[in-house]
Amino acid sequence: MVGKYVTETILADAAGIARAAQILRDGGLVAVPTETVYGLAARADSDEAVARIYEAKGRPSFNPLIVHVRDVEQARELAEFGEEASQLAAEHWPGPLTLVLPRRGKAALSGAVLAGLATVALRCPAHPVMRAVLAQGDFPLAAPSANRSGFISPTTTAHVLASLDGRIDAVLDGGPCEAGVESTIVAVRDDGRLDVLRPGPIEIGALSRDGNIEAPGQLASHYAPGKPVRLNATEVAPDDFMIGFGAITGDCTLSASGSLTEAAARLYACLHEGARSEKPRIAVAPVPNESIGIAINDRLRRAATPPD
Ligand code: TXA
Ligand code: MG
């Protein structure tokens, strides 16, 4: 234990899910698996519970949180849904798409979730464990990725514990996350225009990518493994921990067959391994910048940017 809590690991069976829901109802913090990455959940209607997320992560208070809902009906209580938003939700929920929408004035949300914005980020996740937890409470869940702010995102309980052990109440173990990179974030503007704020598993190809308002949390340096990262590496130096792709094999390989889906699912596991390795540097083979490769390269660029 490194912090002030004893962090329990709870198996995500029926009894475990009920226990996690009870901890959340009481205002606690539980890391819960989603189809993208593990989220650090707290009830989104409680100032105290949400404050604990920021404290556990060391997250700057200007960075708002994604609110996870059980269905579109619950989402409609929190935000204004125009035609575009309704269509996107019908097409992609439950799933790895986050919609940034004008919040409703009477929405029962802690102010800290919104970090002062007039919009709210909503996502209806597909993972059965997260869905079961949401179904047991009558409150939505604020859930950023379950890692210390700026560090590598978690796709297993071991990754969660690597940075949050002792800082949260529990981790609900539902095995490794399938998609491996965080949800696509799309802002639906008042005039119906759509801006992709963060690339992710859902491709919104036709949308503008040059919106000048980015997600406030999309800092240049993020997902940082704590050592220098070199991208597009085709040769390995002796002190490199090599992350391979396709024909370039590494100490850890994203996908030997060149599958971008597999590479996304393994991305954070390889970065965690590189962070833990004795090698002082990480090198990463080129990853094609298409489909979910766009999200992979977005995360790699931030991992390679040194913190201020
Ligand atoms: O897949 C995911 O989205 C995961 C899982 C746990 O659901 N969550 C996640 O949360 O990635 P987090 O906190 O690591 O990233 C949320 C991003 C941040 O960059 C934040 O700035 C942005 O969403 N965001 C939240 N509310 C926003 C808003 N109202 N307007 C613009 N960006 C917002
Ligand atoms: Mg994050």
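Please refer to the structure placed before this passage.
Residues numbered from 1 in each chain as written. Chains lettered and ligands numbered in written order. Predicted model: local features only at pLDDT ≥ 70, side-chain atom pairs only at ≥ 80, totals over all residues. Heavy atoms only, no water.

A. Spotlight on the overall build of the chain. A count of helical and extended segments in the chain gives nine helices and 14 strands. For the chain, whose C-alpha radius of gyration is 19 Å, the value lies close to the compact-globule estimate of 19 Å for 308 residues. The principal-axis extents of the C-alpha atoms in the chain amount to approximately 60 × 45 × 35 Å. The burial tally for the chain puts 56% of its 308 residues in the buried class. Taking all contacts inside the chain whose residues are at least 6 apart in sequence as the whole, residues at least 24 apart take part in 68%. A total accessible area of about 12,800 Å² is found for the chain, and carbon and sulfur atoms account for 51% of it. (Helix = DSSP H or I, 4+ residues; strand = E, 2+ residues; numbered from the N terminus. Rg over C-alpha atoms; globule rule 2.2 N^0.38 Å. Buried < 20%, exposed > 50% of the residue type's maximum accessible area, 1.4 Å probe, protein only. Contact = heavy atoms within 4.5 Å. Areas by Shrake-Rupley, 256 points an atom, 1.4 Å probe, with all protein chains shown as cover.)

B. Structural view of the pattern of salt bridges. Tallied over the full model, the rule gives 13 salt bridges. Here E35 and R123 are joined by a salt bridge, their closest N and O atoms 2.9 Å apart. Taken together, the residues span a long stretch of sequence, with E35 in the loop between strand 2 (30–32) and strand 3 (39–43) and R123 in strand 6 (residues 119–123) at a distance of 88 residues. Here D298 ties to R302 by a salt bridge, and the two come within 2.7 Å at their closest N and O atoms. Here R302 and D298 lie together in helix 9 (residues 293–304), a separation of four residues that amounts to about one turn. In terms of burial, D298 and R302 fall into one category: buried. (Salt bridge = Lys/Arg side-chain N within 4 Å of Asp/Glu carboxyl O.)

C. Just the packing of aromatic side chains, in detail. On inspection of all chains with the given rule, the structure shows two aromatic pairs. An angle of 70° between the planes, with centres 6.2 Å apart, marks the rings of F81 and W93 as edge-to-face. With a gap of 12 residues between them, F81 in the loop between helix 3 (72–76) and helix 4 (83–92) and W93 in the loop between helix 4 and strand 5 (97–102) connect regions that are remote in the sequence. Taking 5.7 Å as the distance between ring centres and 25° as the angle between the ring planes, the aromatic pair formed by Y223 and Y268 counts as stacked. A residue pair is termed long-range when its members are at least 10 positions apart, and Y223 in the loop between strand 10 (194–198) and strand 11 (229–230) and Y268 in helix 8 (residues 260–276) qualify at 45 residues. Assessed through its relative accessible area of 1%, Y223 is described here as buried. For Y268, a relative accessible area of 0% gives the class buried. (Phe/Tyr/Trp six-rings, centres within 6.5 Å; stacked < 30°, edge-to-face > 60°.)

D. A look at the pairing of strand 9 (residues 184–188). Taken across its five residues, strand 9 has five buried, putting it largely inside the fold. Of the two faces of strand 9, both are covered, the one formed by T184, V186 and V188 as well as the one formed by I185 and A187. Of the strand pairs in this sheet, strand 5 and strand 9 are connected by four bridges, and their pairing is parallel. In the sheet register, V100 faces strand 9, and the bridge partner there is A187. Inspection of the sheet shows strand 9 paired to strand 10 by four bridges, in the antiparallel sense. (Pairing = 2+ DSSP bridges.)

E. Highlighting the side chain of D195. When you line up the elements, D195 lands in strand 10. A residue is classified by how much of its surface remains accessible, and D195, at 3% relative accessible area, is buried.

F. Fine view of the sheet that holds strand 13 (residues 252–253). As summarised here, the arrangement of the four strands in space is 11-14-12-13, forming an open sheet in which the pairing is parallel. Two strands bound the open sheet, and with one partner strand each, they are strand 11 and strand 13. Looking at chain direction, strand 12 (residues 240–244) and strand 13 are connected through two bridges and run parallel. Of the residues in strand 13, the one forming a bridge with I243 is C252.

G. Quick peek at the sheet that holds strand 5. In space, the 10 strands of this open sheet follow the order 1-8-2-3-7-4-6-5-9-10, with mixed pairing throughout. Edge positions in the sheet fall to strand 1 (8–11) and strand 10, since each of these pairs with one other strand and no more. The pairing of strand 5 with strand 6 spans five bridges and is classified as antiparallel. Following the sheet pairing, T98 is matched in strand 6 by R123. Strands strand 1, strand 2, strand 3, strand 7 (141–142) and strand 8 (170–173) of the sheet are contacted by helix 1 (residues 14–25), whose axis makes an angle of about 135° with strand 1. (Axes fitted to C-alpha atoms, helices over the stretch in contact; angles between N-to-C directions.)

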